[in-house]
Amino acid sequence: MNIRAEFAGLNEMTTNVCSYLNAAPQTEPYEQAGTILPEYGEGQFSFIRLQDGMELQLSDMIWREDVTFDIGVRYPHLELALNIEGNGCWSAEGQRREVSSESGSAQLVYFNDIRVHAEHRKNKRIVHAELRLDARLWRPLFQELDVRMEQSFFCYEDLIGPKLQVLVQQLQSCPYGGSAKRLFLEGKCLELLASFIYEADESRARKSSSLRTEDIDKIYSARDILLQTLAQPPSLLALSRKISLNDYKLKVGFKEVFGMTVFEFVRQQRMEKARMLLENGSLNVSQAASLVGYNNFSHFAALFKKTYGVNPSDYARDAAQ
C-alpha cells in the first residue's frame with residue numbers, strides 16, 4: 001500500500017492520513033482519535049492540536065501489508081519523532097543516507113519544501129510519538145539548533161534516554177480531560193523538546209569524553225541492573241563490583257552518560273513505576289510505595305507530589321474515575 005500526500009501545513013497531515021483510519025467520536029475539540037480501518041490493520045491513533053503551530057501524534061498500530069509513504073512537505077516543518085517500538089526506515093530527497101528508525105531511537109528533523117519517502121513492514125507493531133512544529137511560529141528554536149530557515153533538511157539522531165522515556169509515558173497516560181489535558185500535554189511536549197535538545201548536547205559532549213567504549217557499556221549494564229532491582233538496589237560499591245568498574249568511574253560516568261546520578265535515576269524510575277501501578281488500579285498507595293522500595297509512606301507521598309504535582313492518593317482516585 002502506498003500513501004501519497006502534499007502538506008502545506010500541520011492540519012493537512014491529519015486530513016490525509018485519516019482516510020485510512022476509523023475516527024472515534026470527538027470528545028475534545030482539539031483531538032481526533034480512532035483506530036485503523038480493519039482492512040488496513042489494527043491499533044489506535046490520536047492527533048492532538050496544541051498551541052498555535054504545535055501538534056502531537058500518538059500511535060500504536062500494526063499494518064496488514066507493507067506500507068510506503070511518499071510525502072511532500074511544502075512548509076518549514078520541525079519534528080521530534082520518537083520510535084518507542086518497531087523498526088522502519090525513511091529518506092529525504094537529495095540526501096544520500098537512508099535513516100533507520102529502530103526501537104528506542106529519536107530524531108529531530110527539519111523539512112522545508114522537500115519530499116520524504118518512508119517504509120513500514122507488515123505485521124510489525126509500531127509505537128510512535130511525533131511532536132510537530134510549524135517552524136515559522138517557532139523561529140527562536142533555530143538559534144539553539146544551528147539550523148537556517150532557508151535550508152531544506154536537517155536531522156539529528158539520538159537514543160530515547162531515561163528522562164525522555166518518562167515524559168513519553170506521561171504523554172501516553174495523561175490523567176486529565178478537557179482544557180486541563182491540553183495544558184498538561186503542551187507542558188510535557190515543551191519539556192520533551194527541551195530535554196531532547198539538552199540530552200543531544202550532552203550526547204555530543206560524551207563523544208569527546210574520556211570514557212572508553214567498554215566503560216560506557218558497563219555503565220549501561222549498571223542501569224539495567226538498577227531497573228531490575230528498583231525496590232532494593234545495590235549500593236554504589238556493590239554495583240561497581242557487579243559491572244567490574246571502580247565506584248568513582250561509575251559515579252562520574254553514570255552522570256555523564258545519563259545526565260543524572262545513580263540515586264536520582266533510581267528515584268525517578270521508582271516514581272514512574274509507582275505512578276503506573278496507581279494508574280493500573282490494582283494496588284493501593286501503601287502497596288505501590290512498598291513495591292517500589294519505600295516503607296516510609298509520608299516520604300513516598302512527599303516525593304510523589306514533588307515529582308507529579310499531586311498527592312498519590314488523589315492521583316489513584318482520579319485515575320480510577
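Thresholds, definitions, all that
Residues numbered from 1 in each chain as written. Predicted model: local features only at pLDDT ≥ 70, side-chain atom pairs only at ≥ 80, totals over all residues. Heavy atoms only, no water. Helix = DSSP H or I, 4+ residues; strand = E, 2+ residues; numbered from the N terminus. Rg over C-alpha atoms; globule rule 2.2 N^0.38 Å. Contact = heavy atoms within 4.5 Å. Lys, Arg positive; Asp, Glu negative; His and termini not counted. Charge placed at Lys NZ, Arg CZ, Asp CG, Glu CD. Pairing = 2+ DSSP bridges. Axes fitted to C-alpha atoms, helices over the stretch in contact; angles between N-to-C directions. Disulfide = S-S within 2.5 Å. Buried < 20%, exposed > 50% of the residue type's maximum accessible area, 1.4 Å probe, protein only. Parallel < 35°, antiparallel > 145°, perpendicular 65-115°, else oblique. Nonpolar A, V, L, I, M, F, W, Y, C, P; charged D, E, K, R; others polar. Salt bridge = Lys/Arg side-chain N within 4 Å of Asp/Glu carboxyl O. Polar contact = N/O pair within 3.5 Å; in protein donor to acceptor, adjacent residues only side chain to side chain. Core = buried A, V, L, I, M, F, W, Y, C linked by side-chain atoms within 4.5 Å.

Before going further, it helps to spend a moment on the overall build of the chain. Counting its secondary structure elements, the chain contains 11 helices and 13 strands. In terms of C-alpha radius of gyration, the chain reaches 21 Å, essentially the compact-globule figure of 20 Å for 321 residues. Considering only C-alpha atoms, the chain reaches an extent of 55 × 50 × 40 Å along its principal axes. Nonlocal contacts in the chain, meaning residues at least 24 apart in sequence, comprise 67% of its contacts between residues at least 6 apart. Computed over 37 positive and 42 negative side-chain charges, the inter-centroid distance for the chain is 6 Å.

What follows is about the sheet that holds strand β10 (residues 105-111). Ordered in space as β2-β3-β4-β5-β12-β7-β10-β13, the eight strands form an open sheet in which the pairing is antiparallel. Taken across any chain shown, the strands that pair with only one partner, and hence form the sheet edges, are β2 (21-23) and β13 (153-159). Direction aside, the axes of adjacent strands within the sheet are offset by 20° on average. Of the pairings in the sheet, the one linking β10 to β13 comprises seven bridges and is antiparallel in character. Bridge assignment links Phe111 to a residue of β13, and that residue is Phe153.

Scanning all chains against the criterion turns up zero disulfides. The thiol of Cys155 is unpaired, and the distance to the nearest cysteine sulfur, on Cys89, comes to 13 Å. What makes Cys155 partly exposed here is its relative accessible area of 21%. Of all cysteine sulfurs in the structure, the one in Cys189 sits closest to Cys174, which takes part in no disulfide; the separation is 10 Å.

Of all nine residues making up strand β7 (residues 77-85), seven are buried, and the element is well covered by its neighbours. Alignment of β7 against strand β12 (residues 126-134), held across eight bridges, turns out to be antiparallel. Bridging from a neighbouring strand, Leu78 pairs with Leu133 of β12.

On to unusual backbone geometry. The phi torsion at Asn123 lies on the positive side, around 60°, for a residue other than glycine. In this structure, Asn123 sits in the loop between β11 (114-120) and β12. Overall, the relative accessible area of 52% leaves Asn123 in the exposed class.

For the pair helix α8 (residues 262-280) and helix α10 (residues 297-308), the least separation of the axes is 10 Å and the interaxial angle reads 90°. Classified by the interaxial angle, the pair formed by α8 and α10 is roughly perpendicular. Here Arg267, Met271, Glu272, Ala274, Arg275 and Leu278 of α8 come into contact with α10, specifically with Phe300, Leu303, Phe304, Thr307 and Tyr308. Of the residues in the contact of α8 with α10, the class split is seven nonpolar, one polar and three charged.

Moving on to the pairing of strand β4 (residues 41-49). In terms of strand pairing, strand β3 (residues 31-36) meets β4 through five bridges, oriented antiparallel. Among the inter-strand pairings, Thr35 is bridged to a residue of β4, identified as Gln44. Connecting β3 to the next strand, β4, in antiparallel fashion are four residues. Where β4 hands over to strand β5 (residues 54-63), the hairpin turn is made up of four residues, of which Gly53 adopts a positive phi near 80°.

Within the element layout of this structure, Glu28 appears in the loop between β2 and β3. We note that Glu28 is buried and unpaired, the nearest opposite charge coming from Lys181 at a distance of 5.7 Å. A distance of 2.9 Å separates the side chain of Glu28 from the backbone nitrogen of Gly178, its partner in a polar contact.

With that out of the way, let us pick up the sheet that holds strand β1 (residues 2-7). The mixed open sheet is built from five strands, whose spatial order is β1-β6-β11-β8-β9. Either end of the sheet is taken by a strand with one partner, and the two such strands are β1 and β9 (99-101). The mean angle between the axes of side-by-side strands here comes to 20°, regardless of whether they run parallel or antiparallel. Judged from the seven bridges that link them, strand β6 (residues 67-73) and β11 form a sheet pairing that is antiparallel. In the sheet register, Ile71 faces β11, and the bridge partner there is Val116.

With that settled, consider the nonpolar core. Across soluble globular proteins, nonpolar side chains have a tendency to be buried as a group. Counting 37 residues, the largest nonpolar core has Leu80, Leu82, Leu192, Leu193 and Phe196 as its most contacted members. Looking at this core, the elements that each hand over two or more residues are β5, β7, β10, β12, α2 (141-145), α3 (162-172) and α4 (178-207). Counting residues per element, this core draws most heavily on α4, at eight residues. Leaving out residues up to four positions away in the same chain, Leu80 has contacts with Gln107, Leu108, Ala129, Glu130, Leu131, Leu192, Leu193 and Phe196. Counting residues in hydrophobic clusters, the runner-up holds 26 residues, among them Tyr20, Leu21, Phe47 and Val109.

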